[in-house]
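# Descriptive structure summary
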Amino acid sequence: MAIRKYQSFEPQIETSAWVDESAVVIGKCVLGQDVGIWPNATLRGDVNDIVIGDRSNIQDGAVVHTTHESEISKGSKCIVGKDVTVGHNAVLHGCILEDECLVGMGAVVLDNAVVQKHVLVGANSLVPPGKVLESGYLYVGSPVKQARPLTEKEMAFFKYSAAHYVKLKNEYKAEEA
């Protein structure tokens, strides 16, 4: 695994978290308890902070980055809440994902967008900069549009998915010991 310091910033990773050996975590990154970072995921915290909340998972090939502060931008951290699943090859760039949501495979969430709790962002969707996705809905498309309310069963899936990936992460971690 590539856990790399950038300038004076070193990733802060809870001991219960797991980073696959092919993943890269650089700089201003904080990984909470039971976080899973899967193969070929990249978290590049060079120009701003990345925080991944407890029991969240960043799946294979996903990219997490931020925006620097400048005269034309206040900069954007990337904050992922608790019990969040980020699908394969998704891109999170300077956005906020609140607790218990899911970003589908290949989706892109851009600067200053906010994905509220209990939101499902469909695969290959594009969340434009500054867009706020209201809690309790499925969003799909490029750019995303609110498709329909989520069912109770779908909203319960967010915690199930996170717990499943914690279990899977623990199995991988045990094999490496």
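Here goes a summary of the coordinates provided. Just so it is clear, the model here is predicted, and its values are computed rather than measured. (Residues numbered from 1 in each chain as written. Predicted model: local features only at pLDDT ≥ 70, side-chain atom pairs only at ≥ 80, totals over all residues. Heavy atoms only, no water.)

## Considerations on the overall build of the chain
As a reminder of what qualifies: We count a stretch as a helix when DSSP gives it H or I for four or more residues in a row; a strand needs E for two or more, and each element gets its number in order from the N terminus. Here the globule rule reads 2.2 Å times residues to the power 0.38, and the radius of gyration is calculated from C-alpha atoms. Whether a residue is buried, partly exposed or exposed follows from its accessible area with a 1.4 Å probe, protein chains only, as a fraction of its type maximum: under 20%, in between, or over 50%, in that order. Here the positive residues are Lys and Arg and the negative ones are Asp and Glu; neither His nor the chain ends is included. A single reference atom marks each charge: NZ on Lys, CZ on Arg, CG on Asp, CD on Glu.
For the chain, the helix and strand inventory stands at one helix and 20 strands. Over its C-alpha atoms the chain spans a radius of gyration of 15 Å, differing by no more than 12% from the 16 Å that the globule rule assigns to 177 residues. Looking at the chain residue by residue over its 177 residues, the buried ones come to 46%. Side chains of the chain carry 17 positive and 22 negative charges; the gap between the two charge centres is 3 Å.

## Some thoughts on the nonpolar core
Keep this limit in mind: To qualify as a nonpolar core, a set must consist of buried Ala, Val, Leu, Ile, Met, Phe, Trp, Tyr and Cys residues joined through side-chain atoms within 4.5 Å. Whether two residues are in contact is decided by their heavy atoms, any of which lying within 4.5 Å being enough.
Counting residues in hydrophobic clusters, the biggest one holds 35 residues, and the most contacted among them are Ile37, Leu43, Ile58, Leu92, Leu97 and Val109. Sequence-distant contacts of Leu43, defined by excluding residues within four places in its chain, comprise Val24, Val25, Ile26, Cys29, Leu31, Ile37, Ile50, Ile52, Ile58 and Val64.

## Quick word on the side chain of Asp83
Just so we agree on the cut-off: The term polar contact refers here to a pair of N or O atoms within 3.5 Å; inside protein, the definition further demands a hydrogen-donor-capable atom paired with an acceptor-capable atom, and it admits residues adjacent in sequence only when both atoms are side-chain atoms.
As for its position among the elements, Asp83 is in the loop between β9 (78-80) and β10 (85-86). A polar side-chain atom of Asp83 sits 2.8 Å from a polar atom in the side chain of Arg55. If we ignore the near neighbours within four places in the chain, the residues touching Asp83 are Asp54, Arg55, Ser56, Glu100, Cys101, Phe158, Lys159 and Ala162.

## Observations regarding the sheet that holds strand β16 (residues 120-121)
The following threshold applies: For two strands to pair, DSSP has to find at least two bridges joining them.
Strand order across the open sheet formed by eight strands is β3-β5-β7-β10-β13-β16-β19-β20, with mixed pairing between neighbours. Edge positions in the sheet fall to β3 (18-19) and β20 (144-149), since each of these pairs with one other strand and no more. With two bridges joining them, β10 and strand β13 (residues 102-103) adopt parallel strand pairing. Across the sheet, Val86 pairs through a bridge with Val103, a residue of β13.

## Remarks on the environment of His68
By the secondary structure assignment, His68 is in the loop between β8 (63-65) and β9. Judged by its relative accessible area of 43%, His68 falls in the partly exposed class. C-alpha separation for the pair His68 and Gly32, spaced 36 residues apart in sequence, amounts to 23 Å. Look past the residues within four positions of His68 in its chain and what remains in contact with it is Val47, Ser73 and Gly75.

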